[in-house]
Amino acid sequence: MNIHWFPGHMTKALRMMQDNIKAVDCIGYVLDARAPYSCLNPSFTKLLNNLPCLFILNKCDLADDNKLNDWKQYFGNMGKTILVSGTNNKFKNEITSAFKSLSLPLVQKFRDKGVYRPIRAMIVGVPNSGKSTIINCLSPAKTAITGDKPGVTKGKQWVRLDNGLELLDTPGTLWSKFEDDRVAAHLCYIGSIKDDIVDIIEVAQTLVDELTQLYPDSLMARYKLSELTSGADNILRDICISRSLIMAGGVPDIERGAKVIIDDFRKGKLGKITLESVGCVNG
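Here is what the cut-offs are and how they apply
Residues numbered from 1 in each chain as written. Predicted model: local features only at pLDDT ≥ 70, side-chain atom pairs only at ≥ 80, totals over all residues. Heavy atoms only, no water. Helix = DSSP H or I, 4+ residues; strand = E, 2+ residues; numbered from the N terminus. Salt bridge = Lys/Arg side-chain N within 4 Å of Asp/Glu carboxyl O. Buried < 20%, exposed > 50% of the residue type's maximum accessible area, 1.4 Å probe, protein only. Axes fitted to C-alpha atoms, helices over the stretch in contact; angles between N-to-C directions. Parallel < 35°, antiparallel > 145°, perpendicular 65-115°, else oblique. Left-handed = near helix turned anticlockwise from the far one by under 90°. Contact = heavy atoms within 4.5 Å. Nonpolar A, V, L, I, M, F, W, Y, C, P; charged D, E, K, R; others polar.

S.K.: Explain unusual backbone geometry here, please?
M.R.: As a rule of thumb, non-glycine residues mostly have phi less than zero, and peptide bonds are mostly trans rather than cis. For K59, which is not glycine, the phi dihedral falls at a positive 65°. Positionally, K59 belongs in the loop between β2 (53–58) and α3 (65–76). Even without a glycine there, the phi angle at S244 is positive, about 60°. Structurally, the position occupied by S244 is in the loop between α9 (232–242) and α10 (254–266).

Written out as structure tokens, the structure reads:
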């Protein structure tokens, strides 16, 4: 799967982050819990600049519980890590407490000098990882613009909260070249790459192929299939037939079927799925 999508605003976004990094005390790194490893942007490595980092594994309500604790431990070796669902306000206090705990040494250093100021955190992540949703979870004003497509946030946006936090929302940013096709595919599945610049049928077939290996029962249950035939193209055809996605002449509408399965995955209708395991990454 040959994918190249790095629009100009992402280059500007990286420059903006670099220009503002000295103004923040810590980083809030938002990752989609269904593909956490693929959400690690190599362009952010220098950006972090040894700042304390809170890894926020978002959309955990859609992810595989059996894999989440392994990922929490994996990222815990690099910084503080929490598992959340940004659309659920019950995580508000946990996210706030994590930021305050992460920044406590620096805050105390200022307080020892008699200086009291908010904790400033930069929120980063790939497109559609849920950065703005996390901010809105923390802010009663719902000031950050959200959407289910990449590229909603175009510029920086400071959000001042009433709990001693100031958050810098930044545009979702990818990197200029994907070295791993699997990473690119996973970013397609979760909506970090715009659908209109990829072959949606190829993306769906690749997704079906992975689900056949990782979650075959979920695939069969969702589309009422008694078995999974050989080949992702044949399975996609069977899904079209099962869902009555048929064109004139009785031909399965493969493109509609492709859109259905990708949409079902993104909305969690296929069950709780995490495509990556820590063991595979370490191996």
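S.K.: Hey, could you run me through the pattern of salt bridges in this one?
M.R.: Opposite charge on two side chains lets them pair, provided their charged atoms get close. Going through the model one piece at a time under the given rule, you end up with 10 salt bridges. Across the salt bridge formed by R266 and D195, the nearest N and O atoms sit 2.9 Å from each other. You can see R266 sitting in helix α10 and its partner D195 sitting in the loop between α6 (181–189) and α7 (200–214), a full 71 residues away along the chain. One salt bridge connects D264 with R222, and the closest N-O pair in it is separated by 3.3 Å. Placement of the pair is D264 in helix α10 and R222 in helix α8 (residues 216–223), with a sequence separation of 42 residues. Residue classification places D264 among the buried residues on the basis of a relative accessible area of 3%. On the basis of relative accessible area, R222 is assigned to the partly exposed category, the value being 25%.

S.K.: When you look at the packing of α7 against α10 in this model, what are you seeing that I'm missing?
M.R.: Any two packed helices are characterised by the angle at which their axes cross and by the distance between the axes. It is the contact of α7 with α10, at a shortest axis distance of 9 Å, that shows an interaxial angle of 55°. When the axes of α7 and α10 are compared, the pair comes out oblique. Here α7 and α10 pass one another in a crossing that is left-handed. Contacts from I200, I201, V203, A204, L207 and V208 of α7 reach α10 at I254, E255, A258, K259, I261, I262 and F265. Its residues placed into classes, the contact of α7 with α10 shows 11 nonpolar, no polar and 2 charged.

Spatial relationships are all this shows, so hold off on functional conclusions.
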